[in-house]
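# Architecture and fold: a report
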Amino acid sequence: MVRQDLASGRVDGVVTRFPPEPNGYLHIGHAKSICLNFGVAREFDGRCNLRMDDTNPATEDVEYVDSIVEDVNWLIAGWADHCFSLKPTGALPERREIDGRLDYFIAPVMATQSLGRKLEPFYASDYFEALYEYALELIRRGKAYVCDHTPEEVDFMRGAPDQPGLESKYRNRSVAESLDLFQRMRAGEFPDGTRTLRAKIDMASPNVWLRDPVLYRIRHASHHQTGDAWCIYPMYDYAHEFEDYIEGVTHSFCTLEFEVHRPLYEWLLEALDLPRPLPRQREFARLNLTYTVMSKRKLLRLVQEGHVQSWDDPRMPTVSGMRRRGYPAEAVRAFCDRIGVAKRENIVELSLLEHFVRDELNRHSPRVMAVLRPLRLVIENYPEDQVEEFAAVNNPEDAAMGTRRVPFSRVLYIEQDDFREVPPPKYHRLSPGVEVRLRYAYLVTCTDVVKDPQTGEIIEVHATYDPATRGGDAPDGRKVKSTIHWVSAAHAVDAEVRLYDTLFSVENPDDAPEGRDFTDTLNPASLETLRGCRLEPSLANAVPGARYQFERLGYFCVDTQDSRPGAPVFNRTVGLKDTWAKIQKRQRKR
RNA sequence: UGCCCCGUGGUGUAACGGUAGCACGACUGACUCUGGAUCAGUUAGUCUAGGUUCAAAUCCUGGCGGGGCAACCA
């Protein structure tokens, strides 16, 4: 479509916009919209405006503005910054005339070319004056009128979808009277809800949005950007297309539910005889993901009711949550690219998102050894005080990432999961009499199991090593079935590790059965906190946000909120694919 | 109920009216000092009934199914 518009000469450049309302945090659904809008701008060498659609002071807050700016920057950094347009802080649209026709226009500044000027997002609230002027013009043209009906009356008179509405008795009052009343609405002469400005369209239209929709309402409320300057605020349907127009937007992409609003979007634009090309609205289906919810209302409830700790809780599908969880922005973008844009309702599998996260992390994150649930392994025939260092590869996918040295000694920790006194079928790891490889170190054979005399719990495993297998290869060419990771007890770094699982235990928490709430299907095991985890010493100075692969376990990142030097906290971003887990699952089913 | 939109493998998404393709998942196998990665392969799809056409996922009509819309929210 964009290509067609360019080819036909309808527009000579592409301008899109991402227009969130600052009443919540951005989530993966917004990420899709961001990728669409910035992606189109990028593809056609255009630009994309970040705009706060702040026309309802009751629900909005600057806290959200700040988070939105941060999230957008994070998501597009290194990808679309060159088409990211903002405006100088405090700039307002310029009032001008083109061919004798009234026009408002606001000039963008590319984020990469600020030239020292302070920049900020566009704000719908910056256009309140322009919007007001346009409203006056609408009244003069007989296309809008002030209506004195109460909200209840208006609601009733709208009729039903299959029944025409009733015309307001104020519909035909004179232009002069409407003008006067509207000016007095602005002046604050009337209390909330007493009057509205309405478009004069068609009360019998089969499209309910064309039945003289409300354009302005009276709200004596303080706005987070304009303070108390206004007591009338424009409705979304009135404001949005003019916001697009003022910014010179060519393509206005929004979600499906606005499809029925499109005739209104176009009607308002055409009602005014505007001198520049008009923006065009097109719709696409919003994103749904399995095992999560996406509506701002539900996300807000999760936060407010304490089901998660915050908007950036790593279990949240918010952009900030994903960032804290360790998802790379590249992975989120690759995901958005793959899911495509269409008008069909969809529920994308979480596994697709995780695929891109693993794909990105696999190529770029350094490998490291960490033991989450430690089990002592004593190498009986290894000298008591000896310490050796082995070279470990940082990333087999990228030789340029080099190697590091890992200390080895007589007492090690291995993963509890990597030892079974009685191995189940197909279990290749350590068990009595079995030889395995300690990664990068030696081949060891399990000789003994030490149990707590009281509880019978395995507290220690003994083994012998073969000195000839130094580095991990046997000179006689014998093979072992398994390689396990380990950490030298004396050198280990102690850490807390948080394991995350899906927030919900059902694929689609949105369709809770009647009488049930989506919170009923919350997964009680979505967070498991492990303390006393043992990490290899190279992790002692890991910086917040740093991402690693813990070999054989998954990808982990240093938590940006709770990690402290000397007391590191790691979040599991996503586990490695685990065929052993699959085998186990299958065995359990039998 | 009125209007609008949408129906392609389990999931998501492609295909000027001309061989239904790609990705994820699942399943086999190969390889492996990560039961990771990689590689090879298998599985499985045009909602339905008519019509137009040499030819229909694509165009037309009906049916069926799903979704949206009746805030002074966005």
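None of the values given here were measured: they were computed from a predicted structure.

Residues at a pLDDT of 70 or more form 100% of chain A, whose mean pLDDT is 96. With a pTM of 0.96, the predicted complex shows an ipTM of 0.96.

Let us now look at the layout of surface pockets. The volume enclosed by the second largest pocket comes to roughly 840 Å³. Contributing to the lining of the second largest pocket are 29 residues, with Glu21, His30, Glu257, Phe258 and Lys296 lying nearest its centre. Mapped by element, the contributors of at least two residues to the lining of the second largest pocket are β1 (15–18), α2 (28–43), α7 (236–246) and β13 (251–255). Of the residues contributing to the lining of the second largest pocket, the split by class is 11 nonpolar, 10 polar and 8 charged.

The next subject is empty space enclosed by the protein. Within the structure shown, the criterion is met by 1 cavity of 30 Å³ or more. What lines the largest cavity is simply Tyr236, Asp237, His240, Glu241, His261, Tyr265 and Gln281. Of all the elements, α7 adds the most residues to the lining of the largest cavity, at 4 residues. For the lining of the largest cavity, the per-class residue count stands at 2 nonpolar, 3 polar and 2 charged.

Residues Lys426, Lys577, Lys582, Lys585, Arg586, Arg588 and Lys589 make up a contiguous surface patch of positive charge. Inspection of the secondary structure assignment puts lysine 589 in helix α13 (residues 579–589). Relative accessible area serves as the criterion here: at 72%, lysine 589 is assigned to the exposed category.

In total, this model carries 27 aromatic pairs according to the counting rule given. Members of the aromatic cluster, each reached through a chain of ring pairs, are Tyr104, Phe128, Tyr132, Tyr134, Phe182, Tyr216, Trp230, Tyr233, Tyr238 and Phe242. In this structure, arginine 186 packs its charged tip against the face of tyrosine 132, placed 4.5 Å from the ring centre.

What follows deals with the pairing of strand β27 (residues 527–535). The two faces of the sheet receive side chains in turn, since in a regular strand these alternate between them. As paired strands, strand β16 (residues 370–371) and β27 are joined by 2 bridges and run antiparallel to one another. Considered in β27, the bridge of alanine 370 is made with leucine 535. Here 7 bridges tie strand β26 (residues 493–500) to β27, and the two strands are oriented antiparallel to one another. Among the inter-strand pairings, tyrosine 500 is bridged to a residue of β27, identified as leucine 527.

Another point: helix α3 (residues 62–76). Helical geometry: 3.6 residues make up each α-helical turn, so side chains three or four residues apart lie on a common side. Taking 1.5 Å per residue as the helical rise, α3 with its 15 residues ought to reach 21 Å, and the 21 Å between its terminal C-alpha atoms agrees with that figure. Sitting at the head of α3, aspartate 61 places a side-chain oxygen 2.8 Å from the backbone nitrogen of glutamate 63. Immediately beyond the C-terminal end of α3, within one or two residues, lies glycine 78, with a positive phi of roughly 80°.

Attention now goes to the sheet that holds strand β25 (residues 487–488). Spatially, the 7 strands line up as an open sheet ordered β24-β21-β22-β23-β17-β20-β25, and their pairing is mixed. Single-partner strands in this sheet number two, and they are β24 (483–484) and β25.

Let's shift gears to the nonpolar core. Core analysis: the largest hydrophobic core is formed by 43 residues, its most contacted members being Ile28, Phe38, Val72 and Phe335. Grouped together as the second largest cluster of nonpolar side chains are 41 residues, Met185, Trp230, Leu264 and Tyr265 included.

What counts and how
- Residues numbered from 1 in each chain as written.
- Chains lettered and ligands numbered in written order.
- Predicted model: local features only at pLDDT ≥ 70, side-chain atom pairs only at ≥ 80, totals over all residues.
- Heavy atoms only, no water.
- pLDDT = per-residue confidence, 0-100.
- 1 Å grid on protein atoms, 1.4 Å probe; cavity = no way out; pocket = protein on both sides within 12 Å on 5 of 7 lines; lining within 4 Å.
- Points joined across faces, edges and corners; volume = space filled by probe spheres on them.
- Helix = DSSP H or I, 4+ residues; strand = E, 2+ residues; numbered from the N terminus.
- Nonpolar A, V, L, I, M, F, W, Y, C, P; charged D, E, K, R; others polar.
- Patch = residues over 30% accessible without salt bridge, like charges linked within 9 Å, V, L, I, M, F, W, Y side chains within 5 Å.
- Areas by Shrake-Rupley, 256 points an atom, 1.4 Å probe, with all protein chains shown as cover.
- Salt bridge = Lys/Arg side-chain N within 4 Å of Asp/Glu carboxyl O.
- Lys, Arg positive; Asp, Glu negative; His and termini not counted.
- Charge placed at Lys NZ, Arg CZ, Asp CG, Glu CD.
- Buried < 20%, exposed > 50% of the residue type's maximum accessible area, 1.4 Å probe, protein only.
- Phe/Tyr/Trp six-rings, centres within 6.5 Å; stacked < 30°, edge-to-face > 60°.
- Lys NZ or Arg CZ within 6 Å of the ring centre and 35° of its normal.
- Pairing = 2+ DSSP bridges.
- Expected span 1.5 Å × (residues − 1).
- Polar contact = N/O pair within 3.5 Å; in protein donor to acceptor, adjacent residues only side chain to side chain.
- Core = buried A, V, L, I, M, F, W, Y, C linked by side-chain atoms within 4.5 Å.

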